[in-house]
There are 2 protein chains.
Amino acid sequence: MGSPLNSSPRSADPPIQADVAVIGGGVVGHGIAWEAQRSGRSVVLVDDAPGSGASWAAAGMLAPVSELHYQEEDLLELMLESSSLWPGFAAGVAAASGSDSGYLTTPTLAVGADAADRAALMDLRAVQQANGLAVEPLTVREARRREPLLSPGIACALDTPADHQVDPRRLVASLRLALAGAAARTPGLAVDGAVEGYSIPDRAAGLLREGGAVAGVLLAGGGRIRATETVVANGLRAGELGGLPEGLRLPLRPVHGDILRLAVPQHLRPLVTATVRGMVHGIPVYIVPRQDGTVVIGATQREDALSDAVSAGGVYQLLRDAQALVPAVAELELLECTARARPGTPDNGPLLGRVPLPAGAGGHIPGLIIATGFFRHGVLLTPAAAAICRDLLDGKADPRWSAFRPDRFSRPVTAAGTHTKETA
Amino acid sequence: MGSPLNSSPRSADPPIQADVAVIGGGVVGHGIAWEAQRSGRSVVLVDDAPGSGASWAAAGMLAPVSELHYQEEDLLELMLESSSLWPGFAAGVAAASGSDSGYLTTPTLAVGADAADRAALMDLRAVQQANGLAVEPLTVREARRREPLLSPGIACALDTPADHQVDPRRLVASLRLALAGAAARTPGLAVDGAVEGYSIPDRAAGLLREGGAVAGVLLAGGGRIRATETVVANGLRAGELGGLPEGLRLPLRPVHGDILRLAVPQHLRPLVTATVRGMVHGIPVYIVPRQDGTVVIGATQREDALSDAVSAGGVYQLLRDAQALVPAVAELELLECTARARPGTPDNGPLLGRVPLPAGAGGHIPGLIIATGFFRHGVLLTPAAAAICRDLLDGKADPRWSAFRPDRFSRPVTAAGTHTKETA
């Protein structure tokens, strides 16, 4: 295109040089890039459409308590760790960007529509309590005193004060401002050849390999990035990269979700003050209120889809179930229907960390960090993922997170790289 | 803006001169403009956003039989007249534009969901038959042999072979091509100062009055059009024009409708071959199949709305009721939710014709034709409206259409114009 905003380096150009290259510009990739940058490293982030994947759809619930599932205690620990990091992370992004990412400590109300939903939520509460999490039953009368537009027909409501929210679209925008601002102010952080000192508007074709190490990124447009460390944070596409360590299996599967954005007419504001997470005849639905008078209603989970097509049946189900909890949803203005795929893994945990070499060889593949497979939890887990990656860059690995090592579904990994499709 | 496509004439410029000025670029305005042009007249069409109003939402059903309502025999005659003009009109537009406006003679199937819906459709059939219209009951088995994806739970189906369809968005595009093409090929038809020889990208502020006559259009951007005849075809905004004859009341009210466009996945094509017009527990819904593998599902009728906001409850209702008739609707891809206002009148008939002067004065306001208030029938009635306006331009008035005279809701009209807001 010729304009600096659209130009991508070509193979004939000298390689771009940075301390850290992050492949993938969703919430997680941006969070890692920003944390790496504020640890004093020069950073480039590679994405041809930043923030347009799962992050574009995400509601932004920061809900370690509500998202607890049986037998996912390792993941709970990571979610609680990240939840504890969120206030500082949000404050840091706000200070660095001079913008508001929509972080709100609004509480969450878990609501069941019928007796079976009530039983399921009370069963979950037993597990939550066994893990030391505060979830307090309210009478329907108490719940409706807090949220007058809740249906009088609900079967139960449980207060979950620790589950909050952020606006993922604003968060990506804030992180981009923070990254650009630091690169502009701090000459050592600005990367030559990157837009705004950090951004590469291109797709990664593969990893640049040198011997057993990863030395950067090969771009689809033909250019190269040389980086001391490369972080693979491109969600579902991580497994498509050339040059991944031979034997490393990243078993990511797309779990599509439909999600709605709606405007609340003035006379119904606020529709709700808390995030309402419902179980309606066994199907989950949530309503997240934003400060601008909109709400987000989500989300379906479909594993049969092939594209980002919005499902008519999914939209119907969301509107039906949200109305069962809050009948006035029928009076809202439907602004947007969106569908995206979440990167799921077999155990619902992320693929996060360095890639160890076989037992005999010791150590790990130099220069490579994997950070993908965050499934439904990418926004919540961003501060933890960013902190864990920064520790890894510093040479520290916290044994608490070894359950998420990215090779846990792989046969032994070797230092050799898989074939990389080089582009001219 | 400076670009020819966006420039509008200013008041300092000499006035644009044309035989006919048409205010309003919906389907009706375009149809009238094209008919006037092909009768050898130079034409300008004034609209700052052609085709973006009710025409943008319309499904394009050409359904005089299904749209029959009790006690609307005058309107039925006009609808049948227009229906008989449609094949020739569509062929003429196709030949003049070299493009396809999506006119299809697919039949219509009226379907009831329950016993009460069946009773209502059979009652309507009695009225249809009394008016000589063919509507034949099918068994559910016969209906499902024609349309295998119809729900086996429907209560009745009636074949309505005379009700067809067109694609209103493609129709507007085709009419614009036809207008531009003729203006380019025929020097006498091209209007100086109009984009493509016929299009004025501006809004009409009022009518240009000279004595008792209408002599053209005052543009919101400050320019003027001098025209021998001016046709007011800007839907709901007709009553807002300055310079309308004193006493002329155009009682238009917005009747908002939500409408959906969806893609049918390959394995479900064709979802239906006929247009399905359902009555589901007393609420109407329709599914119009297009040749490109999409369907249109509509439409709600809401009189409480203030804007083109899409109603969440409306979308829910359409998806619910369409699924009741064709369960596979749940598996479609939701492409678009749109809402627009139809221009309704007290008797559901259009305001169409010249404006007579009081009995003593005789004659009519020179230079003025009104063509608005087409409510749910604008697309169907376009060929008739165009033919009636062409006859009026030729000095002929068909007494069959006097029931639609535009002053029928007015106190006596005088030749004086109401105040026009002039803009600098």
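These numbers come from a predicted model, not from an experiment.

Undergrad: I keep staring at the sheet that holds strand β16 (residues 333-344) of chain B and nothing clicks. Help me out?
TA: Residue and element names in this part refer to chain B. One open sheet holds the eight strands; their spatial order is β5-β6-β4-β13-β14-β15-β12-β16, and the pairing between them is mixed. Each of the sheet's edge strands pairs with one partner strand only, and the pair in question is β5 (136-138) and β16. Taken pair by pair, the neighbouring strands of this sheet meet at an average axis angle of 25°, ignoring direction. Alignment of strand β14 (residues 283-289) against strand β15 (residues 294-298), held across four bridges, turns out to be antiparallel. Bridge pairing in β15 links Y286 to G298. Running over the sheet, helix α4 (residues 115-130) touches β4 (108-112), β5, β6 (156-160) and β13 (275-280) and is turned about 30° from β6.

Undergrad: Just checking my understanding: could you explain the sheet that holds strand β12 (residues 253-263) of chain A for this structure?
TA: Across a sheet, paired strands are connected by hydrogen bonds in the backbone, their directions being either parallel or antiparallel. Residues and elements named next belong to chain A. As summarised here, the arrangement of the eight strands in space is β5-β6-β4-β13-β14-β15-β12-β16, forming an open sheet in which the pairing is mixed. Unpaired on one side and paired on the other, β5 (136-138) and β16 (333-344) mark the two borders of the sheet. Across the sheet, the mean angle separating the axes of adjacent strands is 25° when strand polarity is ignored. The pairing of strand β4 (residues 108-112) with strand β6 (residues 156-160) spans five bridges and is classified as antiparallel. Its bridge partner being in β6, T108 is matched across the sheet by T160. Here helix α4 (residues 115-130) sits on the sheet in contact with β4, β5, β6 and β13 (275-280), set at roughly 30° to β6.

Undergrad: Just to check I follow, could you spell out the interface of chain A and chain B for this structure?
TA: By a widely used convention, the size of an interface equals the accessible area lost when the partners come together. Contacts between the two partners involve 17 residues from chain A, matched on the other side by 17 residues from chain B. In total, chain A and chain B occlude about 1,300 Å² of area from one another, counting both sides; carbon and sulfur atoms represent 68% of this. Among the residues of chain A in contact with chain B, A312(A), Y316(A) and L334(A) are the three that bury the most area, contributing 41% of the side total. Here chain A is connected to chain B by zero salt bridges. Elements that contribute at least two residues to the side of chain A that touches chain B include exactly α7 (312-325) and β16 of chain A. Broken down by element, the residue count for the side of chain A that touches chain B peaks at seven residues, all from α7(A).

Conventions we followed
- Each chain has its residues counted from 1, following the order in which its sequence is written.
- To read the labels, note that chains go from A and ligands from 1, taken in the order they are written.
- Per-residue local features of the predicted model are confined to residues with pLDDT of at least 70, and side-chain atom pairs are confined, for both listing and counting, to 80 or more; whole-chain, interface and lining totals are unaffected and use all residues.
- Note that the side-chain values use all heavy atoms of the structure and ignore hydrogens as well as water.
- Only strands joined by at least two bridges in the DSSP assignment are considered to pair.
- Numbering goes from the N terminus for both helices and strands, where a helix is a DSSP run of H or I of at least four residues and a strand is a run of E of at least two.
- The axes are straight lines fitted to the C-alpha atoms, using for helices just the contacting stretch, and the angles between their N-to-C directions are given from 0 to 180°.
- By definition, residues are in contact when any of their heavy atoms lie within 4.5 Å.
- Here's the idea: put two parts together, see how much 1.4 Å probe accessible area each one loses, and the total over both is what we call buried area.
- Salt bridges are defined by distance alone: a side-chain nitrogen of Lys or Arg within 4 Å of a carboxyl oxygen of Asp or Glu.

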